[in-house]
Amino acid sequence: MAKKKKKTASRTVKKAPNKAAKRPAPARARAADAIRRLDAEFMKAADARNAGALVKAFYAADAVLMPPNHPIVEGRANIQGFLQGLMDSGFTGIKLETTTVVDAGDLAYGRGRYTLSMAPPGGAPVQDVGKYIVTYRRQADGTWWAVADIFNSDQAQEAPAVPSH
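Conventions adopted
Residue positions are given per chain, counting from 1 as you read along its sequence in written order. Per-residue local features are limited, in this predicted model, to residues with pLDDT of at least 70; the limit for side-chain atom pairs, both in listing and counting, is 80 or more; totals at the level of whole chains, interfaces and linings are taken over all residues. Where side-chain values are given, they derive from all heavy atoms of the structure, hydrogens and water being excluded. Candidates for patches are residues over 30% relative accessible area with no salt bridge; among them, like charges are joined within 9 Å and nonpolar side chains (Val, Leu, Ile, Met, Phe, Trp, Tyr) within 5 Å. Reported accessibility uses the Shrake-Rupley method at a 1.4 Å probe radius. Residues are deemed covered only where the shown protein chains occlude them. Any Lys or Arg side-chain nitrogen located within 4 Å of an Asp or Glu carboxyl oxygen qualifies as a salt bridge. Secondary structure is summarised from DSSP: a helix means a run of H or I of at least four residues, a strand means a run of E of at least two, and numbering begins at the N terminus for each. Among the buried residues, those of types Ala, Val, Leu, Ile, Met, Phe, Trp, Tyr and Cys that are joined through side-chain atoms within 4.5 Å form a nonpolar core. The rule is simple: take the accessible area with a 1.4 Å probe, protein chains only, and divide by the maximum for that residue type; under 20% is buried, over 50% is exposed, in between is partly exposed. Whether two residues are in contact is decided by their heavy atoms, any of which lying within 4.5 Å being enough. At least two bridges found by DSSP between two strands are what make those strands a pair. Lining residues are those with an atom within 4 Å of a point, where the points come from a 1 Å grid over the protein atoms alone and group into cavities, where a 1.4 Å probe fits but cannot get out, or pockets, open sets with protein on both sides within 12 Å along at least five of seven lines. Grid points are joined across faces, edges and corners, and a volume is the space filled by probe spheres set on the points.

A. Examining a nonpolar patch on the surface more closely. On the surface, a nonpolar cluster with roughly 290 Å² of combined accessible area is contributed by Val102, Tyr109, Ile133 and Ile150. Mapped onto the fold, Ile150 is located in strand β6 (residues 144–153).

Structure below.
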């Protein structure tokens, strides 16, 4: 009796598509990426001393800026005026480093530190180091805009002179 060869069935196995590779990045990554791009635009426009471009690239129409030792600055036009005044008073550069981004739905905040360089006319160059928190709102088209921006210096404030009696 002759031995029969066993016939083995060959089957092509299709792999399931890698769904993880096709998923969009989590919303947190998208918000963080957008906020860091906004930071880059802010620094670029600031270093060019172009307050108009800075405000247009970074702030929502209804944004507020809360600088130290100054009343609240409301709306793009007023923010532009404030920033242009800062630039005209000897601004030489700024570095922003957003260290934390947290988002929830259409709101996010970025927390970080800044280094601001100034060379006031007739004065000694000054470098200020401080921190900031910026709140962002996602727009209907998916872009993010700053809606509230507050910053303050790490430098100790000079004590007022005490009158002598």
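B. A look at the nonpolar core. In terms of nonpolar packing, the biggest core is built from 32 residues, with Leu54, Phe58, Tyr59, Ile79, Leu83 and Tyr136 touching the most fellow members. Looking at this core, the elements with two or more residues in it are α2 (27–47), α3 (51–58), β1 (59–66), α4 (76–88), β3 (91–104), β4 (107–118), β5 (126–138) and β6. Ranked by residues supplied to this core, first place goes to α2 with eight residues. Excluding residues that lie within four positions of it along the chain, Ile79 makes contacts with Val55, Tyr59, Ala63, Val64, Leu65 and Val73.

C. Examining the environment of Gln80 more closely. In this structure, Gln80 sits in helix α4. Given a relative accessible area of 34%, Gln80 falls into the partly exposed group. Sequence separation between Gln80 and Ala53 is 27 residues, and the spatial gap between their C-alpha atoms is 9.0 Å. If near-sequence neighbours (up to four positions away) are discounted, Gln80 is found in contact with Ala51, Gly52 and Val55.

D. Representation of the environment of Trp144. Structurally, the position occupied by Trp144 is in strand β6. C-alpha of Trp144 to C-alpha of Leu38: the two residues are 106 residues apart in sequence and 8.3 Å apart in space. Once residues within four sequence positions are removed from consideration, Trp144 is found in contact with Ala31, Ala34, Leu38, Gly105, Asp106, Leu107, Ala108, Tyr136, Arg137 and Arg138.

E. Inspection of the pairing of β5 at higher detail. Examined bridge by bridge, β4 and β5 share 12 bridges and lie antiparallel to one another. Note on β5: the bridge partner recorded for Met118 is Val126. Where β5 and β6 come together, nine bridges link them in antiparallel fashion. Within β6, the position partnered with Tyr132 by the bridge is Phe151. Between β5 and β6, which pair antiparallel one after the other, the connecting turn spans five residues, and Gly142 there sits at a positive phi close to 95°.

F. Representation of the layout of surface pockets. The volume enclosed by the largest pocket comes to roughly 650 Å³. Pro68, Tyr114, Leu116, Asp128 and Phe151 are, among the 31 residues lining the largest pocket, the residues nearest its centre. For the lining of the largest pocket, the secondary-structure elements that each account for two or more residues are α2, α3, β1, α4, β3, β4, β5 and β6.

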